[in-house]
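Next come the chains, spelled out residue by residue.
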Amino acid sequence: MGGMSIRVVKLILVVALCAGGLVIHCANGEVSFTEQSEARYGVTKASYCNVTGVWRNDLGSLLQLHAVGSVMKGVYVTAVESSIGAAGFHGQAGLTGFVSEGAQPTVTFSVLWEKGSCTSWVGQCFTLPNGERVLKTHWMLRSVANSPKENWMSTRFGEDHFTFLHVEIQNYS
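Labelled according to an unreviewed UniProt entry, the chain appears under the name Avidin, originating from Alosa alosa. Checking UniProt for the chain, the heading Sequence similarities (unreviewed entry) contains the comment "Belongs to the avidin/streptavidin family." Within the UniProt record for the chain, the comment given under Subcellular location (unreviewed entry) is "Secreted".

Pasting the structure below:
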């Protein structure tokens, strides 16, 4: 990834919410629940939408996410630009964001592009009946305006639909 040192990290996380009796085991991006948790809350591995991994949107942009607790870090690699070089030389940027708790969590994340523009996404992770994971998001892109007169044309809004490709846990710290 263009001079970026990437180290693969095996993540093993055990979460026990004793008061509610929900027990989750997450290893390398795969989630499992105890029988007690499944019976009590109706949450199963099949219905849980884990955001950690690699996603692709309808335009071919790639999103690499790694969530620990409510904090997300990762990399966004864009497949589109408003003009050549607008996203910088490599068309990628580090991202930071947050993810809520729950089986179908809400997410928000932002990137700051090399040329000064910034994009933020807000949305939700869903697991479809067939087991496919999708991120449904809306985004806002703010381009740098050269003067107050150009301010009106510097903000764009849109929608992204990401589909989950595979788990690839990386160290983004």
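Chemist: When you look at the nonpolar core in this model, what are you seeing that I'm missing?
Modeler: Proteins that are soluble and globular tend to have nonpolar side chains buried together. With 21 residues, the main nonpolar core has Val-51, Trp-55, Leu-63, Leu-65, Met-72, Tyr-76 and Leu-135 as its most contacted residues. Elements with a minimum of two residues in this core: strand 5 (62-68), strand 6 (71-77), strand 7 (92-99), strand 8 (106-112), strand 9 (118-127), strand 10 (133-142) and strand 11 (155-166).

Chemist: What is the right way to look at the state of the cysteines in this model?
Modeler: Here, the word disulfide means a covalent bond between the sulfur atoms of two cysteines. Scanning the entire structure with this criterion turns up one disulfide. Residue Cys-49 pairs covalently with Cys-125 via a disulfide, S to S 1.8 Å. Taking the torsion about the S-S bond as the criterion, the Cys-49 to Cys-125 disulfide, at about -55 degrees, is left-handed. Taken together, the residues span a long stretch of sequence, with Cys-49 in the loop between helix 1 (35-41) and strand 4 (53-57) and Cys-125 in strand 9 at a distance of 76 residues. Taken as a pair, Cys-49 and Cys-125 share a single burial class, namely buried.

Chemist: Can you walk me through the confidence of the model for the chain in this structure?
Modeler: As a general rule, the predicted coordinates of low-pLDDT regions are not to be interpreted in detail. With 66% of its residues at a pLDDT of at least 70, the chain reaches an overall mean of 77. Low pLDDT, under 50, characterises residues 1-33; the stretch is placed with 71 contacts to residues that sit more than four places away or in other chains.

Chemist: Would you explain the environment of His-90 in this entry?
Modeler: Mapped onto the elements, His-90 comes out in the loop between strand 6 and strand 7. Using a relative accessible area of 47% as the deciding quantity, one classes His-90 as partly exposed. Between the alpha carbons of His-90 and Thr-78 there is a distance of 9.0 Å; along the sequence they are 12 residues apart.

Chemist: Explanation requested: the pairing of strand 7 in the structure shown.
Modeler: Regular strands place side chains that alternate from one sheet face to the opposite one. Taken together, the seven bridges between strand 6 and strand 7 define a ladder with antiparallel strand orientation. Across the sheet, the residue bridging to Gly-74 is Leu-95, located in strand 7. Here strand 7 pairs with strand 8 via five bridges, running antiparallel. Within strand 8, the residue paired with Val-99 across the bridge is Val-107.

Parameters and conventions
- Residues numbered from 1 in each chain as written.
- Predicted model: local features only at pLDDT ≥ 70, side-chain atom pairs only at ≥ 80, totals over all residues.
- Heavy atoms only, no water.
- UniProt positions renumbered as here; feature names shortened; annotations may be inferred.
- Core = buried A, V, L, I, M, F, W, Y, C linked by side-chain atoms within 4.5 Å.
- Buried < 20%, exposed > 50% of the residue type's maximum accessible area, 1.4 Å probe, protein only.
- Helix = DSSP H or I, 4+ residues; strand = E, 2+ residues; numbered from the N terminus.
- Disulfide = S-S within 2.5 Å.
- pLDDT = per-residue confidence, 0-100.
- Contact = heavy atoms within 4.5 Å.
- Pairing = 2+ DSSP bridges.

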